[in-house]
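Descriptive structure summary
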Amino acid sequence: MAEGKIISFNEGALEVPDFPIIPFIEGDGIGPDIWRATRVVVDSSVNILWGEKRQIIWTEILAGEKAYNHTGNWLPPETLESLRTYRVGIKGPLTTPVGGGIRSLNVTLRQKLDLYACVRPIKHFPGVPSPIREPRKVNMVVFRENTEDVYAGMELKQGTEQAMALIAYLRNNYGWEIPADAGIGIKPISRARSRRLVKAALEHAIKQKRKSVTLVHKGNIQKFTEGAFRRWGYEIAEELYPDITISYDQCNGMPPEGKILIKDAIADIFFQQALTRPDEFDVIATTNLNGDYISDALAAQVGGVGMAPGANINYENGYALFEATHGTAPKYAGLDKVNPSSLILSACLMLEHIGWEEAARLIEEALAEAFLNKTVTYDLARLMPGATEVSCSKFAEIVCENMKKASQLNLF
Ligand code: NAP
């Protein structure tokens with residue numbers, strides 16, 4: 001086996017060797033099934049394109065139930081250390097331990113590695129069942145702030161000494177009357193973190209030649225958090241890219257050729273418009289909790305959580321963790337049944353992140369072919385008249401066959 005090398009980061013860009021070491025977390029429940037399928041597809045794409053010249057050297061790291069069973073720790077320190085050392089990793093879904101200790105392994109990983117942008121592309125593949133009339137119009141990328149908001153886990157349990165003390169402090173110092181039996185959560189939204197998130201969304205829009213960036217917020221009600229996020233979003237666009245971006249007011253929503261429209265939408269109306277007029281939205285930048293709801297709601301438009309990929313990225317140091325967006329679906333664990341597309345498409349985002357875009361494109365085309373031919377897993381088959389239901393591993397095999405056919409026909 002070839003000797004693996006570490007991916008490094010220099011002057012704002014990743015330096016990727018031909019044999020990069022990439023750690024993976026298999027995941028719990030259906031994790032091992034979808035990871036096996038994903039690995040076969042990724043290895044095959046790299047092999048088809050570059051033969052012996054390139055290969056990912058996978059190394060397993062532990063988190064979740066498997067880690068707990070082996071080490072007594074849900075998230076061993078070595079796992080975080082490996083992700084720091086190797087910079088880029090991929091993971092299956094993890095069970096969130098119920099009761100004390102770590103609240104969510106996913107949230108912990110994002111926070112500990114400061115993976116501040118949760119990136120979720122939402123694009124429809126022709127043939128995939130959708131609840132909306134014109135799913136081909138859905139093509140958005142959500143940039144969700146990943147490290148703050150009420151999601152940051154700053155909560156005090158109702159009735160505890162700390163909750164009572166904070167309630168008393170707020171009454172005495174601000175005159176805020178909070179019921180004594182309330183639980184309390186804190187919602188920090190900071191200027192620096194909002195700006196770096198919107199900057200990432202803007203840079204993505206510029207690089208990918210997107211039409212617009214929409215700041216989604218609840219600033220009409222939460223003025224100093226969500227409203228400030230909106231203001232800081234416009235501020236950074238104006239500050240960094242005054243020649244490339246243009247606000248809605250400056251052009252009445254009709255940007256001249258070559259300019260990216262910067263607009264904003266209040267979260268509730270955004271949900272409605274993203275359903276009724278999805279083609280008016282392109283790149284979305286939003287706060288953590290809004291982004292959580294938005295990414296799953298939009299995923300439903302293109303085939304559900306089995307189809308939606310996810311990436312957690314720190315663009316300032318290149319750290320990135322790619323993941324399926326669904327959970328561990330325990331009732332299907334080990335049945336070789338579920339749809340591996342979410343993790344496969346997350347691996348495509350990873351391949352793009354390391355600059356191996358050709359492999360991502362090859363896989364996406366092969367997936368598209370499988371959907372068009374209606375050879376799909378149970379979740380899509382039940383909604384597609386005339387479909388052939390295949391297992392998770394068989395689906396991966398079909399994707400690999402499609403890639404080989406495409407390369408033999410020189411479609412790549
Ligand atoms: P879930 O595991 O996502 O499963 C809910 C349902 O979604 C499944 O029963 C299945 O629906 C469908 N589904 C999920 N993955 C699918 C796939 N790959 N292919 C086809 N259908 C799929 O949600 P949950 O049951 O609420 O959560 C279970 C555990 O996962 C919890 O411990 C939760 O904390 C954890 N979780 C982890 C992550 C993560 O690691 N990122 C994210 C969310 C939840 P049908 O039964 O209708 O077919």
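Scroll up to find the structure this text is about.
The present account deals with the structure reproduced in this document. None of these values were measured; they are calculated from a predicted model.

Considering the layout of surface pockets
- Volume-wise, the largest pocket comes out at about 1,000 Å³.
- Lining the largest pocket are 36 residues; nearest its centre among them are His204, Lys207, Gln208, Leu349 and Glu352.
- For the lining of the largest pocket, the secondary structure elements donating two or more residues are strand 2 (13-15), strand 6 (117-123), strand 7 (139-145), helix 6 (191-207), strand 14 (309-313), helix 11 (341-353) and helix 12 (357-372).
- Taken as a whole, the second largest pocket spans an internal volume of roughly 280 Å³.
- Taken together, 18 residues line the second largest pocket, and the ones lying closest to its centre are Asn106, Arg110, Arg120, Glu323 and Thr325.
- When residues of the lining of the second largest pocket are traced back to their parent elements, those giving at least two are helix 4 (105-112), helix 10 (288-301) and strand 15 (320-324).
- For the lining of the second largest pocket, the leading source of residues is helix 4, giving 3 residues.

Digging into helix 12
- When the terminal C-alpha atoms of helix 12 are compared, their 23 Å separation across 16 residues agrees well with the 22 Å that a helix rising 1.5 Å per residue should span.
- Every buried residue of helix 12 is accounted for by Ala359, Ala360, Leu362, Ile363, Glu364, Ala366, Leu367, Ala368, Ala370 and Phe371.
- Looking at the buried residues of helix 12, the elements they touch are helix 1 (31-50), strand 6, helix 11, strand 16 (375-376), helix 13 (378-381) and helix 14 (392-408).
- Positioned one or two residues after helix 12, Lys374 has a phi angle of 60°, which is positive.

Topic: the packing of helix 9 (residues 267-276) against helix 10
- Viewed as axis vectors pointing N to C, helix 9 and helix 10 meet at an angle of 10°, and their least axial separation amounts to 11 Å. It follows that helix 9 is roughly parallel to helix 10 by the angle criterion. Crossing geometry of helix 9 relative to helix 10 is assigned as right-handed. From helix 9, Ala267, Phe270, Phe271, Ala274 and Leu275 reach across to helix 10, where they touch Asn290, Tyr293, Ile294, Ala297, Leu298 and Gln301.
- A breakdown of the residues in the contact of helix 9 with helix 10 according to their chemical character gives 9 nonpolar, 2 polar and no charged.

With respect to unusual backbone geometry
- The backbone of Asn252 shows a phi angle near 55°, a positive value even though the residue is not glycine.
- By the secondary structure assignment, Asn252 is in the loop between helix 8 (248-251) and strand 12 (260-266).
- Looking at Asn252, the relative accessible area reads 60%, which means it is exposed.

Regarding the sheet that holds strand 7
- Pairing in this open sheet of 11 strands is mixed, and the strands run 4-3-5-15-14-6-7-13-10-12-11 from one edge to the other. Every interior strand has two partners, whereas the edge strands, strand 4 (57-60) and strand 11 (245-247), have only one. Averaged over all adjacent pairs, the angle separating strand axes in this sheet is 25°, with direction ignored.
- In terms of strand pairing, strand 7 meets strand 13 (residues 283-286) through 4 bridges, oriented parallel. Across the sheet, Val142 pairs through a bridge with Ile284, a residue of strand 13.
- Against the sheet, helix 7 (residues 223-240) contacts strand 10 (212-217), strand 11, strand 12 and strand 13, and its axis sits at roughly 160° relative to strand 10.

Describing helix 3 (residues 77-86)
- Every buried residue belonging to helix 3 is among Thr79, Leu80, Ser82 and Leu83, and all of these are buried. For helix 3, the buried positions fall inside an angular range of 160° around the axis, keeping them on one side. Looking at helix 3, the residues exposed on the side facing more than 90 degrees away from the buried face are Pro77 and Glu78.
- Its buried side turned inward, helix 3 meets strand 3 (21-25), strand 5 (88-91), helix 4 and strand 15.
- Count one or two residues on from helix 3 and you reach Arg87, which has phi positive near 75°.

So, how was this worked out
Residues numbered from 1 in each chain as written. Predicted model: local features only at pLDDT ≥ 70, side-chain atom pairs only at ≥ 80, totals over all residues. Heavy atoms only, no water. 1 Å grid on protein atoms, 1.4 Å probe; cavity = no way out; pocket = protein on both sides within 12 Å on 5 of 7 lines; lining within 4 Å. Points joined across faces, edges and corners; volume = space filled by probe spheres on them. Helix = DSSP H or I, 4+ residues; strand = E, 2+ residues; numbered from the N terminus. Expected span 1.5 Å × (residues − 1). Buried < 20%, exposed > 50% of the residue type's maximum accessible area, 1.4 Å probe, protein only. Contact = heavy atoms within 4.5 Å. Axes fitted to C-alpha atoms, helices over the stretch in contact; angles between N-to-C directions. Parallel < 35°, antiparallel > 145°, perpendicular 65-115°, else oblique. Left-handed = near helix turned anticlockwise from the far one by under 90°. Nonpolar A, V, L, I, M, F, W, Y, C, P; charged D, E, K, R; others polar. Pairing = 2+ DSSP bridges. Arc of directions from axis to C-beta.

Just distances and angles here, no functional claims.
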